[in-house]
Amino acid sequence: MTVKLLAICGSPRKATTEHCLEEAIAAARAAVAGIHVDTVLLRKARIEPCIHCNRCFQETVPRCPAHADDFNALARVWIEADAYLVASPVYTMSLTPQLWALLSRTRIYRNVFLERPDLYAYKVGAAITVGGAPHGGQETAGVAIAQFFMVKGVMFATGGKSYTGGTVWSQDGKLEGVKADADGLERVRATGRQLAKSALVVRTGREALGLPDPSASIRWF
């Protein structure tokens, strides 16, 4: 059994958030042997926001027919993941525009969800947020990620050390500032550990009960 983790960094730059995501991934790997990790760095991707044209609904396809960008390459990885780890720096008390664009595009799975209402029932998500001030919007940004997962029906793991997962204070000192926040980095690692363990438990339980994988055998176009 291989647990599949999809890690997404919403920062448009290689900086503090990417470092925190790497720390969480390392903790996840240490917690669950053999975990498979796919990492998406939005600074390297071109993903347009959803325009709600509804063509994906009308054409009943699980890929976006409106945009020829990098999102469609993620379609299968997104569906097949057992766990999602979403990281973002705080932009105006919330997420980066790049991350919002990606999350908005998951609308394409509505038809799949209607056919398979338990599509997200056996998946777990978690959040990492990095702010320049000690109370600089990390929790509000984390709540935005948590609410996204709630809408989908994905379980949410916090790591047990923060209400919304891995919250870090960069002190506006970039990477060195993040490294100085020992408590924040421990919250990040705890989030990675719990996410990986929770995903393993959920997948093990589903398979032990003989429940089918709702993400299997989806038509791909």
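For clarity, every value in this text was computed on a predicted model and none was experimentally measured.

**What to know about unusual backbone geometry**
Part 1 of the reasoning: Non-glycine residue His52 carries a positive phi angle of around 55°.
Part 2 of the reasoning: Take His52: it is sitting in the loop between β2 (36–41) and α2 (55–58).
Part 3 of the reasoning: A positive phi is found at Asp172, a non-glycine position, where the angle reads about 55°.
Part 4 of the reasoning: Note on placement: Asp172 falls in the loop between β6 (166–169) and α7 (174–180).

**Focus: the side chain of Asp69**
Part 1 of the reasoning: Inspection of the secondary structure assignment puts Asp69 in the loop between α2 and α3 (75–80).
Part 2 of the reasoning: Accessibility expressed as a relative area gives 11% for Asp69, which makes it buried.
Part 3 of the reasoning: Within the structure, the side chain of Asp69 is placed 3.2 Å from the backbone nitrogen of Phe71, a separation counted as a polar contact.

**Here we look at the pairing of strand β3 (residues 83–89)**
Part 1 of the reasoning: The buried fraction of β3 amounts to seven of the seven residues, a majority that puts the element mostly inside the structure.
Part 2 of the reasoning: The alternating pattern of β3 places Ala83, Leu85, Ala87 and Pro89 and Tyr84, Val86 and Ser88 on opposite faces, both of which are buried.
Part 3 of the reasoning: With five bridges joining them, strand β1 (residues 4–9) and β3 adopt parallel strand pairing. Of the residues in β3, the one forming a bridge with Cys9 is Ala87.
Part 4 of the reasoning: In the sheet, β3 pairs with strand β4 (residues 124–131) via seven bridges, with the strands oriented parallel. Note that in β4 the partner of Tyr84 across the bridge is Gly125.

**Notes on helix α8 (residues 182–208)**
Part 1 of the reasoning: In this model, α8 (27 residues) spans 39 Å end to end at C-alpha, consistent with the 39 Å of a helix rising 1.5 Å per residue.
Part 2 of the reasoning: Two residues or fewer past α8, Gly210 is found with a positive phi of approximately 75°.

Rules used in this analysis
Residues numbered from 1 in each chain as written. Predicted model: local features only at pLDDT ≥ 70, side-chain atom pairs only at ≥ 80, totals over all residues. Heavy atoms only, no water. Helix = DSSP H or I, 4+ residues; strand = E, 2+ residues; numbered from the N terminus. Buried < 20%, exposed > 50% of the residue type's maximum accessible area, 1.4 Å probe, protein only. Polar contact = N/O pair within 3.5 Å; in protein donor to acceptor, adjacent residues only side chain to side chain. Pairing = 2+ DSSP bridges. Expected span 1.5 Å × (residues − 1).

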